[in-house]
Amino acid sequence: MKHRFLKVTAALVLLATSAFASASLVLQGGTGSTGVGNIVLESGSVIDVSNGAYFSGSTDPSSDWVWASGVNNFADLTFSFTFSLDGFDLSTATLTGLWGIDNVGTASLNGVLLSSLLGIDTRNFNVLTAFSAGPGSSLFNAGVNVLLFEVGNRGGPGGFRASVEVNAEAVPEPSILAILGLGLIGLGARRFKN
């Protein structure tokens, strides 16, 4: 009977600690007025744009096409997506996304290139391109991380669209694990007395 109690207690400890190890959403980003937000133009304000040539499908998280208000030909813009990994296990962090640009651009995480869309004749706007980092990537910082989109228009209308999601496992608070352990030890001690 006592051995069965120990097995049940051990199983509860494993279950409780594995509950802490599930991936959590850190932050989502999406351009456009109906997007989830968190992707910002570094200078100026943005407006939604539409163009029949632009990819018109949905993304998850949601996003729409944008461009700088009043800016059209030969513009270079920087959009940023900033997130913190404080309290998360860096080795489990993942960043995934989709993006498109009319016409050229790069996507970099903490200064390291993740994706580039170059060449104005490649139609970087009628399909969205995937990019990612992690898990186990050394690109993530403990604390603040910045995903930069440096994009440029090379004539005619301009448009940019991005959808980003970051996930990571939370680092359990030592005090929570200590309380859980003490509680289980107390249950075990009480059980053995009976």
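Please read these numbers as outputs of a predicted model, since none were measured by experiment.

Rules used throughout
Residues numbered from 1 in each chain as written. Predicted model: local features only at pLDDT ≥ 70, side-chain atom pairs only at ≥ 80, totals over all residues. Heavy atoms only, no water. Helix = DSSP H or I, 4+ residues; strand = E, 2+ residues; numbered from the N terminus. Contact = heavy atoms within 4.5 Å. Core = buried A, V, L, I, M, F, W, Y, C linked by side-chain atoms within 4.5 Å. Buried < 20%, exposed > 50% of the residue type's maximum accessible area, 1.4 Å probe, protein only. Pairing = 2+ DSSP bridges. Axes fitted to C-alpha atoms, helices over the stretch in contact; angles between N-to-C directions.

Asker: In this structure, what is going on with the environment of Ala130? I would like to understand it.
Answerer: Its place among the elements puts Ala130 in strand S9 (residues 129–133). For the pair formed by Ala130 and Gly100, sequence separation is 30 residues and the distance between their alpha carbons is 9.2 Å. If we ignore the near neighbours within four places in the chain, the residues touching Ala130 are Gly97 and Leu98.

Asker: How should I be thinking about the nonpolar core in this particular structure?
Answerer: A general feature of soluble globular proteins is that nonpolar side chains tend to end up buried together. With 31 residues, the main nonpolar core has Phe79, Leu95, Trp99, Phe149, Val151 and Phe160 as its most contacted residues. For this core, the element with the highest residue contribution is strand S11 (residues 159–169), accounting for five residues. With residues up to four places along the chain from it excluded, the contact list for Phe79 reads Ile39, Val40, Leu41, Val46, Val66, Leu147, Leu148, Phe149, Val151 and Phe160.

Asker: What should I look at first to understand unusual backbone geometry in this one?
Answerer: One can expect most non-glycine residues to show negative phi and most peptide bonds to be in trans. Of the consecutive residues Asp60 and Pro61, the connecting peptide bond is found in the cis state with omega at 5°. Considering the arrangement of structural elements, one finds Pro61 in the loop between strand S3 (46–48) and strand S4 (66–68). For the bond from Gly134 to Pro135, the omega torsion is -5°, close enough to zero to count as cis. As for its placement among the helices and strands, Pro135 is situated in the loop between S9 and strand S10 (144–152). Of note in this structure, Asn110 is not a glycine but carries a positive phi near 50°.

Asker: Help me understand the sheet that holds strand S7 (residues 104–109) in this model?
Answerer: Sheet strands pair via backbone hydrogen bonds, and the direction of the pair is either parallel or antiparallel. Within the open sheet, the five strands sit side by side as S2-S5-S10-S7-S8. Their pairing is antiparallel. With one partner strand each, in any of the chains shown, strand S2 (39–41) and strand S8 (112–117) form the two edges of the open sheet. For this sheet the average axis-to-axis angle between neighbouring strands, irrespective of direction, equals 20°. Where S7 lies against S10, six bridges are found, and the strand directions are antiparallel. Looking across to S10, one finds that Thr106 is bridged to Glu150.

Asker: Can you walk me through the pairing of S8 in this structure?
Answerer: For a regular strand, side chains alternate in direction, first toward one face of the sheet and then toward the other. The sheet contact formed by S7 and S8 spans five bridges and is antiparallel. Residue Thr106 lies in a different strand from S8, and its bridge partner there is Ser116.

Asker: What exactly am I supposed to notice about the environment of Gly105 here?
Answerer: With respect to the helices and strands, Gly105 occurs in strand S7. Gly105 gets classed as buried once you look at its relative accessible area, which sits at 5%. For the pair Gly105 and Leu117, spaced 12 residues apart in sequence, the C-alpha to C-alpha distance is 5.2 Å. If we ignore the near neighbours within four places in the chain, the residues touching Gly105 are Trp99, Ser115, Ser116, Leu117, Leu118, Glu150 and Val151.

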